[in-house]
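# Coordinate analysis (summary)
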Amino acid sequence: MNNLILITRPKQFAKKLASQLLKANYQTFLFPTITIEPIMPVVTPDLALFKKLIFISQSAVEHFFQHTRLSGYTGDVIAVGRATAALLTLHGVNNVIVPAEQNSEGVLTLHELQVIQQQNILIVAGLGGKETLQTELTQRGARVEKLAVYQRSKPQIDTRELKTQWSNISTIVCTSGESLNNLIDLLHPQLGEELFDKALLVISKNMLNLAEHLGFHTIIQAATAHDDDIIHALNQWKESYD
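Everything quoted here is computed from the prediction, not taken from an experiment.

## Details of helix α9 (residues 227–239)
Between its first and last C-alpha atoms α9 spans 18 Å; for 13 residues at 1.5 Å apiece the expected length is 18 Å, and the two agree. For α9, every residue scored as buried is listed here: Asp227, Asp229, Ile230, Ile231, Ala233, Leu234 and Trp237. On its buried side, α9 packs onto β1 (4–7), α1 (11–23), α3 (82–90), β8 (169–173), β9 (199–202) and β10 (219–221).

## Describing the environment of tryptophan 237
Of note, tryptophan 237 is situated in helix α9. When the C-alpha atoms of tryptophan 237 and threonine 33 are compared, they prove to be 24 Å apart, with 204 residues separating the residues in sequence.

## Looking at the sheet that holds strand β7 (residues 143–153)
In spatial order, the strands read β3-β7-β6-β4-β5; together these 5 strands make up an open sheet with mixed pairing. The open sheet has two edge strands, β3 (35–38) and β5 (76–79), and neither has a second partner. Here the strands of the sheet are splayed against their neighbours by 25° on average, with no regard to which way each runs. In the sheet, strand β4 (residues 52–55) pairs with β5 via 4 bridges, with the strands oriented parallel. In the strand pairing of β5, isoleucine 54 is matched with isoleucine 78.

About the cut-offs
- Residues numbered from 1 in each chain as written.
- Predicted model: local features only at pLDDT ≥ 70, side-chain atom pairs only at ≥ 80, totals over all residues.
- Heavy atoms only, no water.
- Helix = DSSP H or I, 4+ residues; strand = E, 2+ residues; numbered from the N terminus.
- Expected span 1.5 Å × (residues − 1).
- Buried < 20%, exposed > 50% of the residue type's maximum accessible area, 1.4 Å probe, protein only.
- Contact = heavy atoms within 4.5 Å.
- Pairing = 2+ DSSP bridges.
- Axes fitted to C-alpha atoms, helices over the stretch in contact; angles between N-to-C directions.

Structure, rendered in structure tokens:
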């Protein structure tokens, strides 16, 4: 079978995954369906006022540390997933809390977020996006603020080179619902049902349900968005064909 993997992550994160896939004997084609652009906060909050910080994504970590540092911070630092936690560790943040279910719903099950009345909580995220965390934590009695440090957009991409490689692609890797929806918008008008003939790797049950609804025939679910989990899922799927 072909082993060319189409990576739809933003460019800065796609390159790291591509490097790891190359070590695992996969070839890659980068086709970022999301562009990440930094936002300069109007006011950087006083972190000492917050009992907990929640980082929604790797992009949240990357762009947060362009503006500030966490030296001396004594509250809880929570990451939605392992990949986000790993990036926090690279920035010198220790004892990062990660939920077993690595998404917003999993964060809400954490012991540290069950009794939070009158606590100040800061969510570091992108502009827009789901408000699940902020809404639920507010209902639990916390005072919640959101710090948007980046914004996402759908890029304009020249697809001519991709079309020349399309027959060699075995699997598409998507790690967010937005990247998957953008993929459909960018490629379905040109490829039609051929798009759904490729295997699609996703990283959550919600994404799997979305992929099924969109019409993909072969869907692989990795445990998390961490590079190691993506490669493990690809290897397992490949072995089932060998």
